[in-house]
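# Structural overview for review
Each chain, written out:
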There are 2 protein chains.
Amino acid sequence: MKIKYELLKTDKNARRGIIYTNHGKVETPMFMPVGTLANVKMLTPEELKEVGSGIILSNTYHLWLRPGEDIVKKAGGLHKFMHYDGPILTDSGGFQVFSLAKNKKKDITEEGVHFKSHIDGQKLFLTPELSMEIQNKLDSDIAMSFDECIPYPATYEYTKNSTERTLRWAKRGKDAFKNDQQSLFGIVQGGAYADLRKYSALETVKLGFDGYAIGGTSVGEDKETMYQMVDDAVKYLPVDKPRYLMGVGEPEDLLEGISRGIDMFDCVLPTRLARHANAFTENGKINLKNAKYKEDFTPISSDCDCYTCRHYTKAYLRHLFVAKEALGGRLLSIHNIRFLIKMMEEAREAITNGNFEEYKASFLKKYKN
Amino acid sequence: MKIKYELLKTDKNARRGIIYTNHGKVETPMFMPVGTLANVKMLTPEELKEVGSGIILSNTYHLWLRPGEDIVKKAGGLHKFMHYDGPILTDSGGFQVFSLAKNKKKDITEEGVHFKSHIDGQKLFLTPELSMEIQNKLDSDIAMSFDECIPYPATYEYTKNSTERTLRWAKRGKDAFKNDQQSLFGIVQGGAYADLRKYSALETVKLGFDGYAIGGTSVGEDKETMYQMVDDAVKYLPVDKPRYLMGVGEPEDLLEGISRGIDMFDCVLPTRLARHANAFTENGKINLKNAKYKEDFTPISSDCDCYTCRHYTKAYLRHLFVAKEALGGRLLSIHNIRFLIKMMEEAREAITNGNFEEYKASFLKKYKN
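Residues numbered from 1 in each chain as written. Chains lettered and ligands numbered in written order. Predicted model: local features only at pLDDT ≥ 70, side-chain atom pairs only at ≥ 80, totals over all residues.

## Structural notes on the interface of chain A and chain B
- With 29 residues of chain A at the contact, the number on the chain B side is 29 residues.
- For the side of chain A that touches chain B, the elements supplying multiple residues, two or more each, are helix H3 (69–74), helix H4 (78–82), helix H13 (314–322) and helix H14 (327–352) of chain A.
- Take the side of chain A that touches chain B: its biggest share by element is 5 residues, from H13 of chain A.
- When the residues that make up the side of chain A that touches chain B are grouped by side-chain class, the tally is 17 nonpolar, 5 polar and 7 charged. (Contact = placed C-beta atoms within 7 Å. Helix = DSSP H or I, 4+ residues; strand = E, 2+ residues; numbered from the N terminus. Nonpolar A, V, L, I, M, F, W, Y, C, P; charged D, E, K, R; others polar.)

Written as structure tokens, this is what we have:
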């Protein structure tokens, strides 16, 4: 079946809901950990469940190159391949074309995008139809439309042309889509131009998707501009479908997104930070390599219920990072993902209680970036 | 309390027994995974328990340099520091002086060994007394005497002088030992000379330790020579104390060791192999990066009960290794350690049934190195 979204409660623009999928239901707002290459770096599916992960995200572009979608299909789809029986969302490859193409060179045509592999420079050509074919084979629960991620800043003319082409690509992708057990989300582009965001949102909704994402964010713009991009798009999205803000993972951005009516977020931030010894705490990020933690025999956060905080001290984690032991990154990934997911749990609770803005304000008062 | 060894059953020279420690009892023969820097690379204590690890080994030399024994002591000892409540054995640093000293340069005096740190070249001086002091602070269940690991080959004269000095160091270490909750093992040296092995064994036993190790093996000698070294030492060791063959982890060597009356083994092999995609199987080692596993949707071993074999295919593991995802090394470490520990379980069972030699022969018939 396609996913279903149920709106449970609103608190001003903030929404609490449930997404029903073929692999279980998940509560929103939620944060999706990123499992680029069919694994969330260093973690097992059991660990992801333990921290309360709802949906995880995996990358079409990366899986297309390695191991190849046909191998994943032969394995029985991505869930079986990676031993994850919860819901999975795959992106379309559009963002990786933008961020990873070798030397950032690409040739965008009406048909699709010519670019070179970030691994070996091999020539690649990705089209809306191919992105759907790959995602259909990966058999994720939610596939994403193929779009151009517009750089920031970009001229009005460039943004308009690109946004219109992304709409044509969305239509082509939808027409080519062949997996009736999989849902497909549209992506709103439009850059930093309010009228183009509105146009993109309305036209994408007209095409009709199972959910809607706001793309082209987290590409170098300042935070106020990003929040404005969200505001300019979200008000034209239907209330009965989930809304997903792509590539956003900073705690304050999650809260600002929820305030504006966003239901889903994803970002590599918690795991990437973890591999560099950076830990989320209620008071902001800390770096565990800091000498002041040498003899700190307390957990990262005494309020945290994660496996790492229940069993390990900052002194031990610091030792692992200083000695370059990979277990450090593993343990801290658990904590950082849990931190964001716990935030989401608290946000949902606050929405139910009708005091989300108070929760947000009290969180941000303590949290110093 | 000091450890206690109970001999349950012999089958020719092979022995089945139990070691009672302050952190639980463990059955022998057993294989000890190596947790060099207060962690078995990438694995949690819970995972080590799940694969059936009895004792784990940690390295005094490495913990002396990072994080330093005083920090471990302040944390409440090594068990608390690393969140491992099973038994831990620490080596003495003698082997690392041999294998890791910067440029392999060292100056061995009667007092101790002058050498340089493998990390930053800092001048270091390790003595029997200091090794005991560090290990007493680490508070492992079993500490090892400080010895010189004699290279192979070595002249008779060098070997004799070194073996005699190691005996004097063993005595000094024992006299300096201050932790009455910790056991201390002696180490038999003597190189490849039968009379020196006999001399070293008898004199070490005269000093009186809680267990006895055979050292100076796995230093470049051929297998027949190593087995001879064991034979030349083991017959002079008391039956009521555990016997430990240091640094040995190849399946055939474990079986040959058990045949000769060894109870304990340790080696970095299963985890090091795992990080390089090499897996133990009943038929010998395989490398999971091999293209022939690209579409092999079967586990590493259908007979294996480990977490990895229960949930993941060779095709998935190959993908992780090819894409350089650390989860591959983690999952394979679990399998490789389990493989050796399962061998030990089977060996114990065979000893109980009085058919260890048959078990060994049938294992080695299938296992091709």
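## Focus: the packing of helix H10 (residues 251–259) of chain B against helix H15 (residues 356–366) of chain B
Residues and elements named next belong to chain B.
- For the pair H10 and H15, interaxial distance at closest approach is 11 Å and the crossing angle is 165°. Taken as axis vectors, H10 and H15 run roughly antiparallel relative to one another. Pair H10 / H15 crosses with left-handed handedness. Each of Glu252, Leu255, Ile258 and Ser259 in H10 lies in contact with H15, whose residues at this interface are Phe356, Lys360, Phe363 and Leu364.
- Among the residues making up the contact of H10 with H15, the classes are represented as 5 nonpolar, 1 polar and 2 charged. (Axes fitted to C-alpha atoms, helices over the stretch in contact; angles between N-to-C directions. Parallel < 35°, antiparallel > 145°, perpendicular 65-115°, else oblique. Left-handed = near helix turned anticlockwise from the far one by under 90°.)

## Digging into the pairing of strand E1 (residues 4–11) of chain A
Residue and element names in this part refer to chain A.
- Where E1 lies against strand E2 (residues 14–21), 7 bridges are found, and the strand directions are antiparallel. Paired with Lys4 across the bridge in E2 is Tyr20.
- The turn joining E1 and E2, which pair antiparallel and follow one another in sequence, is formed by 2 residues; a positive phi near 55° is taken by Lys12. (Pairing = 2+ DSSP bridges.)

## Side note on the pairing of strand E3 (residues 24–28) of chain A
Residue and element names in this part refer to chain A.
- Relative to E3, E2 is paired through 5 bridges, and the arrangement is antiparallel. Paired with Ile19 across the strands is Val26, a residue of E3.
- The hairpin turn running from E2 into E3, its antiparallel successor, is 2 residues long.

## Considerations on unusual backbone geometry
- Pro67 of chain B follows Arg66 of chain B through a cis peptide bond whose omega is 5°.
- By secondary structure assignment, the location of Pro67 of chain B is in the loop between helix H2 (60–65) and helix H3 (69–74).
- Cis rather than trans, the peptide bond between Tyr152 of chain B and Pro153 of chain B has omega equal to 0°.
- Locating Pro153 of chain B in the fold gives a position in the loop between strand E10 (142–144) and helix H7 (156–176).
- A positive phi angle, close to 60°, is found at Lys324 of chain A, a residue other than glycine.
- Topologically, Lys324 of chain A is positioned in the loop between H13 and H14.
- Its identity is not glycine, yet Lys12 of chain B carries a phi of approximately 55°, on the positive side.
- Tracing the sequence through the fold places Lys12 of chain B in the loop between strand E1 (4–11) and strand E2 (14–21).

Remember, this is a structural readout, not a statement about activity or role.
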